[in-house]
Structures are given as C-alpha cells and as structure tokens.
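# Structural characterization, general
If you want the building blocks of each chain, they are given just below.
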Amino acid sequence: MKKYLALFLAAALAFSLLSGCGSKDGNVKDSNPGTSASAPVDVDSAATVSWEDSVVRVGIDLDPGTLGPYESNNTGRKQTLYEVYETLAMYQGRGGEIKGVLAKDWYEESDKVYIVELYDYIIDTNGNKITADDVIFSFDEGMQTYKRYLKYIESIEKVDEYTVRITVNSDDIGTIEHILCQCWVVDQDSYTGSPDKMATEPIGTGPYKVVEHVEGSKVIMQAKEDYWQTDKSLRVDYQHQNVRTIEFIVIPEATQQAIALETGTVDIVNGMSYAEA
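Quick notes on the rules
Residues numbered from 1 in each chain as written. Predicted model: local features only at pLDDT ≥ 70, side-chain atom pairs only at ≥ 80, totals over all residues. Heavy atoms only, no water. Helix = DSSP H or I, 4+ residues; strand = E, 2+ residues; numbered from the N terminus. Buried < 20%, exposed > 50% of the residue type's maximum accessible area, 1.4 Å probe, protein only. Contact = heavy atoms within 4.5 Å. Areas by Shrake-Rupley, 256 points an atom, 1.4 Å probe, with all protein chains shown as cover. Pairing = 2+ DSSP bridges. Core = buried A, V, L, I, M, F, W, Y, C linked by side-chain atoms within 4.5 Å. Salt bridge = Lys/Arg side-chain N within 4 Å of Asp/Glu carboxyl O. 1 Å grid on protein atoms, 1.4 Å probe; cavity = no way out; pocket = protein on both sides within 12 Å on 5 of 7 lines; lining within 4 Å. Points joined across faces, edges and corners; volume = space filled by probe spheres on them. Nonpolar A, V, L, I, M, F, W, Y, C, P; charged D, E, K, R; others polar. Axes fitted to C-alpha atoms, helices over the stretch in contact; angles between N-to-C directions.

## Section: the overall build of the chain
- Scanning the chain for helices and strands turns up eight helices and twelve strands.
- Relative to its 277 residues, the chain shows a buried fraction of 54%.
- When contacts within the chain are restricted to residue pairs at least 6 apart in sequence, those whose partners lie at least 24 apart make up 67%.
- For the chain, the exposed surface amounts to about 12000 Å²; the carbon and sulfur share of it is 46%.

Have a look at this one:
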C-alpha cells in the first residue's frame, strides 16, 4: 500500500479546511465536520518525509472556477480559497470562539459602532502591506456579492493607517462578529490592476499561494516562506502551514472519491460522508 503522510498532518489540514465563518452561518459556509474522510496512514514512513517533500492531496467535488475573492461561491471555492485569502477574524471550528486573523483587536466604541485594529505587519503574496484603505476597499467590493451580513454595515471609515471604524445598523447579537469574518481582504492596487480581478492569479495574505490551476482537474498550492504571521500562537486554525504543498484534486462523484482514497490518489476527501467512504 502506498505510503501516506503522518496522520497529524492530514488531520490538521482537514480541520483547517473545515474551519471558517460558515460555522456561524457566515458568507462562506464550511463543510460539515462529519463529512470528511482520510486515507490510511503509514506513520512509520512519515519521519522520512522532509518539509520540501511534504504534500497532502485533497479530493474536492467541484472546481473553484474563478479564484477571485469577490465572486459568487461554490463548494470548490469554499474548500480551497481560505488558504489564499484571509478575513479580519475567524471562528475556530463549528461553534468555536472567534479569533482575530488580520484584526489584532476590536471593541465597541459606542452603540453599534466598533473600532477594528489591524496588525501593522500584514503583507500579501507580492509583499504589499495591508492597511485600513485596503480593508475599506475590500468591504466595498465584498458588499456587492456577500450581502448576507455585510448588508448590516452602515458605514466603514478610516481612523488611521491600521484602524477602521465600522458602524452597523443591527442590534442582533453577533452582527459585528459575522461581519469581521465574512469578507476577504486584498491589496487595492493589486486587485484593480488585475485584468480579471484575480480570477487566474490570486494575490492574498493567506499562508499558501496558488502555483497551478488546471480548471476541472486540480489546484496546487505551496506554503509561503515569508508568511506574514510569524507568531504561531496568534494564528487561527487554518493559518497553520502543516505541509509545504497542498494538491486539491477535483473528483465530482462520491464513488470515485472512495476509490481515490482506497488507491491513495488522495489522502483526504472533503465533503464525503464516512458511509460513502
């Protein structure tokens, strides 16, 4: 039988793939934590796998299509792009606590008015620094597509280079939390300078970058060597770089996904029930 990556690597990635705002009904819903399966693991062989050679192959049921941050989502986008783009905050698994990602802190300044402070050292794939201007731009773009919770934003304004003020128009508990984890943030100049709005060449702040996308077949990502969040204690679940390379393999049919697991073509299938496996 084919040698596989250590279980902790596969499990850690599987957990990261299933983390996201969807746990709190945000814009990008996560898959059901009970609907992923992993292949058998040969732990003894894992010690021989170097970081350079470490790879996990994930079966997904649909190609993401466009890789741009503000397009309508499908399951393929939901299962892949959290590794490329980041939100201000993120829930830790289904029913878990919310933790800042790009946001260092946030607090209520007055009724329905919140101050959000960014880390001042965030950079994207191309080394562009992310500032308050980029956050405002990203939310303006995101509000055109992701209206479920962003519609509750009354205004968003710059306080200083790394601080924004968000005013909401809802008294519902959890409104600001949902807003913080619903919109991916990108560098304004990179997005406006992209002829296809990053559909083919995404530039995000996430821990991985896309190195190849064969539509209908696969998406390959590699861990960034210069990922901005160097303090691992501050990372949320999906920010951890558990392996150097992630290969997302498009396998639409559940029966073919099961065969791929059995033969070792993939190590994890995201979105297939244990019964189907």
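## So, the pairing of strand β7 (residues 153-160)
- Of the strand pairs in this sheet, β7 and strand β8 (residues 163-168) are connected by six bridges, and their pairing is antiparallel. Counterpart to Ser 155 in the pairing with β8 is Thr 167.
- Between β7 and β8, which pair antiparallel in sequence order, lie two residues.

## Comments concerning the nonpolar core
- If you look at the biggest cluster of nonpolar residues, it comprises 58 residues, and the most contacted ones within it are Leu 88, Val 116, Val 135, Phe 139, Val 164, Ile 166 and Leu 180.
- Looking at this core element by element, the count peaks at five residues for helix α4 (residues 132-142).
- Those residues within four positions of Val 135 in sequence are excluded, and the remaining contacts are Leu 88, Leu 118, Ile 156, Val 164 and Val 185.
- Of all hydrophobic cores here, the second largest spans six residues; its members include Ala 260, Leu 261, Val 266 and Val 269.

## Thoughts on the pattern of salt bridges
- One pass over the structure, following the stated rule, counts seven salt bridges.
- Residue Lys 158 is joined to Asp 133 by a salt bridge in which the shortest nitrogen-to-oxygen separation is 3.3 Å. With Lys 158 in strand β7 and Asp 133 in helix α4, this pair connects stretches of sequence that are 25 residues apart.
- When its relative accessible area of 40% is taken as the criterion, Lys 158 is described as partly exposed.
- A salt bridge links Glu 157 to Arg 165; the nearest nitrogen and oxygen atoms lie 3.7 Å apart.
- Within the structure, one salt-bridge network assembled from shared partners comprises Glu 109, Glu 157 and Arg 165.

## Details of α4
- A large share of α4 lies buried, amounting to eight of its eleven residues.
- The complete set of buried residues in α4 reads Ala 132, Asp 134, Val 135, Ile 136, Phe 137, Ser 138, Phe 139 and Gly 142.
- Summarising the contacts, the buried residues of α4 are in contact with β6 (113-118), α5 (147-150), β7, β8, α6 (175-180) and α7 (188-193).

## Concerning the layout of surface pockets
- Estimated volume of the largest pocket: approximately 160 Å³.
- Lining the largest pocket are Trp 51, Thr 125, Lys 209, Gln 222, Ala 223, Lys 224, Glu 225, Asp 226 and Arg 244.
- Residues belonging to the lining of the largest pocket are distributed by class as follows: two nonpolar, two polar and five charged.

## Digging into the sheet that holds strand β5 (residues 103-110)
- Strand order in the open sheet formed by four strands is β5-β6-β8-β7, with antiparallel pairing between adjacent strands. The open sheet is flanked by β5 and β7, the only strands paired with a single partner. Sheet twist, expressed as the mean angle between neighbouring strand axes with direction ignored, is 20°.
- Sheet topology places β5 next to β6; six bridges connect them, and they run antiparallel.

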